[in-house]
Amino acid sequence: MLPRSIDDYTQSMQDCRSVEELFAAYSDEIEREGYQNIVFVRMDGTRERFEVRFANIPEGDARRYFEDRMWEHDPVLTASQEARSPFTWIEEMVRKPHSQAARRIMELKAAIGIQGGLTMPFHGPGGMVDIFS
């Protein structure tokens, strides 16, 4: 499937009547762009307080992420708190030094099929960050 024109994409967004339809349409477009998974997370500025608002990833992958407490050292979450523009995971891992624990998280993500990504952080008041990844 090819990506839609911006006009067709905008129309598909306008046709959505619920949050579920909106995320389904967005997920479809992301897949057309070559990405298989999507997560929308809201963080209040700390690692311990974040909420997964929407996720389109294999259930076993999500379970492992939370059971193994991968968020504690996830370099994508760390970068999202600081970044002011979208970034790819490979850019993040190449341009900055990371702890062994952070690198291990990225290795574990790759092992469960999440090998790379694009993350878009949206910063709000009081340290709030909405993250599309």
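Our structure's up above, just so we're on the same page.
Residues numbered from 1 in each chain as written. Predicted model: local features only at pLDDT ≥ 70, side-chain atom pairs only at ≥ 80, totals over all residues. Heavy atoms only, no water.

## A few points about the overall build of the protein
No. 1: Scanning the protein from N- to C-terminus turns up six helices and five strands.
No. 2: Counting from the amino terminus, the protein carries its helices and strands in the arrangement α-α-β-β-α-α-β-α-α-β-β.
No. 3: For the protein, the C-alpha radius of gyration of 15 Å lies close to 14 Å, the compact-globule estimate for 133 residues.
No. 4: Overall size of the protein, expressed as C-alpha extent along the three principal axes, is 45 × 35 × 30 Å.
No. 5: Put simply, 56% of the contacts in the protein that link residues at least 6 apart link residues at least 24 apart.
No. 6: Accessible surface, the protein: about 8,200 Å² in total, of which carbon and sulfur atoms supply 54%.
No. 7: Averaging the positions of the 16 positive and the 23 negative side-chain charges in the protein gives two centres separated by 5 Å. (Helix = DSSP H or I, 4+ residues; strand = E, 2+ residues; numbered from the N terminus. Rg over C-alpha atoms; globule rule 2.2 N^0.38 Å. Contact = heavy atoms within 4.5 Å. Areas by Shrake-Rupley, 256 points an atom, 1.4 Å probe, with all protein chains shown as cover. Lys, Arg positive; Asp, Glu negative; His and termini not counted. Charge placed at Lys NZ, Arg CZ, Asp CG, Glu CD.)

## Section: the packing of aromatic side chains
No. 1: Inspection of the entire model under this criterion finds 10 aromatic pairs.
No. 2: Aromatic pair Phe 23 and Phe 54: ring centres 4.2 Å apart, planes at 5 degrees, arrangement stacked. One end of the pair, Phe 23, is in helix H2 (residues 19-32); the other, Phe 54, is in strand S2 (residues 50-56), with 31 residues separating them in the sequence.
No. 3: According to the relative accessible area criterion, Phe 23 is buried, its value standing at 9%.
No. 4: Ring geometry for Phe 50 and Trp 71: centres 5.8 Å apart, planes at 65 degrees, overall edge-to-face. With Phe 50 in strand S2 and Trp 71 in the loop between helix H3 (59-67) and helix H4 (75-82), this pair connects stretches of sequence that are 21 residues apart.
No. 5: On the basis of relative accessibility, which here comes to 9%, the residue Trp 71 falls in the buried class.
No. 6: Feature note: the residues Phe 23, Tyr 26, Phe 40, Phe 54, Phe 122 and Phe 132 constitute an aromatic cluster, connected by ring pairs. (Phe/Tyr/Trp six-rings, centres within 6.5 Å; stacked < 30°, edge-to-face > 60°. Buried < 20%, exposed > 50% of the residue type's maximum accessible area, 1.4 Å probe, protein only.)

## A word on the sheet that holds strand S4 (residues 118-123)
No. 1: The five strands are arranged S2-S1-S5-S4-S3 in an open sheet whose pairing can be described as antiparallel. Two strands bound the open sheet, and with one partner strand each, they are S2 and strand S3 (87-88).
No. 2: Examined bridge by bridge, S4 and strand S5 (residues 129-132) share four bridges and lie antiparallel to one another. Paired with His 123 across the strands is Val 129, a residue of S5.
No. 3: Across the sheet, H4 lies against strand S1 (38-43), S3, S4 and S5, angled at about 40 degrees from S4, the strand it touches most. (Pairing = 2+ DSSP bridges. Axes fitted to C-alpha atoms, helices over the stretch in contact; angles between N-to-C directions.)

## Regarding the pairing of S4
No. 1: By the bridge criterion, two bridges tie S3 to S4 in an arrangement that is antiparallel. By the bridge assignment, Thr 88 is partnered in S4 with Leu 118.
No. 2: In textbook terms, the turn of a hairpin is the stretch between consecutive antiparallel strands, and for S4 and S5 this stretch comprises five residues, one of which, Gly 126, has a positive phi near 65 degrees.

## Here we look at unusual backbone geometry
Working note: non-glycine residues mostly have negative phi, and peptide bonds are mostly trans.
No. 1: Positive phi values are uncommon outside glycine, yet Arg 69 reaches one of about 50 degrees.
No. 2: Here Arg 69 lies in the loop between H3 and H4.

## Details of the pairing of S1
No. 1: Among the six residues in S1, five count as buried, and that is most of the element.
No. 2: Bridge count for S1 against S5 is four bridges, and the pairing is antiparallel. Within S5, the residue paired with Met 43 across the bridge is Val 129.

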